[in-house]
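# Observations on the three-dimensional arrangement
Here is how the chains run, residue by residue.
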Amino acid sequence: EAEVAQSPRYKITEKSQAVAFWCDPISGHATLYWYRQILGQGPELLVQFQDESVVDDSQLPKDRFSAERLKGVDSTLKIQPAELGDSAMYLCASSLGRTGTQYFGPGTRLTVL
Amino acid sequence: AQSVSQHNHHVILSEAASLELGCNYSYGGTVNLFWYVQYPGQHLQLLLKYFSGDPLVKGIKGFEAEFIKSKFSFNLRKPSVQWSDTAEYFCAVTTAGNNRKLIWGLGTSLAVNP
């Protein structure tokens, strides 16, 4: 069964450092999502791509977060500089289209010290 | 603003007990409804979904959910839980009114005692 791949699975960094997360969606899925999940809460959408274009980044803190999906396949989410409050699980999901069921990767757990 | 409410934040059951987790949403139009599960240390997985048709939806691992439009509800049920059902359960909704963005509930933590 095809899965969404994410790396790394765990990342520990010091505040003010830069971090980057990678996501490879299920093959053929045009829509890719990055979420942030804080323990005990549901996922919060950070950015949504349709192919290589951003269709929703309204909740992305653009002063420090950036995301790209240059060739419309895999994607990178970057935080620079990281802050203590960024500690969370970062989830990637993909779907066939904008109305399709979303399938999630294992996530990257970020700890900022 | 559209929202999803999960009434039970923490549920503790014994094996073989019946389960019902509540989910209500606030939106008057057409909705797509989902239940996702997150087992300890694992990623979010789709349990079941409702787009249209029969309001009683059957999912994986013996779970089912019933869409009651008049009550804006999509409660999750399982007649007999197992220890392996211990997990976090999330209800989520997409609506035409918010560009099909998933709106999530806060989740319900289920612990099943053997």
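As the structure is a prediction and not an experimental result, all values here were calculated from the model.

## Let's talk about the sheet that holds strand S7 (residues 65-68) of chain A
Residue and element names in this part refer to chain A. The sheet built from four strands is open, its strands ordered S1-S3-S8-S7 with antiparallel pairing. Each of the sheet's edge strands pairs with one partner strand only, and the pair in question is strand S1 (5-7) and S7. Shown here is a sheet whose adjacent strand axes are inclined to one another by a mean of 15°, direction ignored. In terms of strand pairing, S1 meets strand S3 (residues 19-24) through three bridges, oriented antiparallel. Note that in S3 the partner of Gln6 across the bridge is Cys23.

## Some details on the environment of A:Asp57
Residues and elements named next belong to chain A. One can find Asp57 in the loop between strand S6 (53-56) and S7. For Asp57, a relative accessible area of 27% corresponds to the partly exposed category. Taking the C-alpha atoms as reference, Asp57 lies 22 Å from Ser7; in sequence the two are 50 residues apart. In contact with Asp57, not counting residues within four places along its chain, are Leu46, Val47 and Lys62.

## As for the state of the cysteines
Residue and element names in this part refer to chain B. Considering all chains together, one arrives at two disulfides over all chains under this definition. Across the disulfide from Cys23 sits Cys91; the S-S distance is 1.9 Å. On the sign convention where negative means left-handed, the S-S torsion of about -65° between Cys23 and Cys91 marks this disulfide as left-handed. Here the residue Cys23 occupies a position in the loop between strand S3 (19-21) and strand S4 (24-25), and Cys91 occupies one in strand S10 (residues 87-95), the gap between them amounting to 68 residues.

## Examining the nonpolar core
By size, the foremost hydrophobic cluster in this structure holds 29 residues, and its most contacted members are B:Leu33, B:Trp35, B:Leu47, B:Leu48, B:Phe74, B:Leu76 and B:Tyr89. The set of elements that each furnish at least two residues to this core consists of strand S2 (10-14), S3, strand S5 (31-38), strand S6 (45-50), strand S8 (64-68), strand S9 (73-78), S10 and strand S12 (108-113) of chain B. Core analysis: the second largest hydrophobic core is formed by 20 residues, A:Trp34, A:Leu77, A:Cys92 and A:Leu110 among them.

Rules of the game
Residues numbered from 1 in each chain as written. Chains lettered and ligands numbered in written order. Predicted model: local features only at pLDDT ≥ 70, side-chain atom pairs only at ≥ 80, totals over all residues. Heavy atoms only, no water. Pairing = 2+ DSSP bridges. Helix = DSSP H or I, 4+ residues; strand = E, 2+ residues; numbered from the N terminus. Axes fitted to C-alpha atoms, helices over the stretch in contact; angles between N-to-C directions. Buried < 20%, exposed > 50% of the residue type's maximum accessible area, 1.4 Å probe, protein only. Contact = heavy atoms within 4.5 Å. Disulfide = S-S within 2.5 Å. Core = buried A, V, L, I, M, F, W, Y, C linked by side-chain atoms within 4.5 Å.

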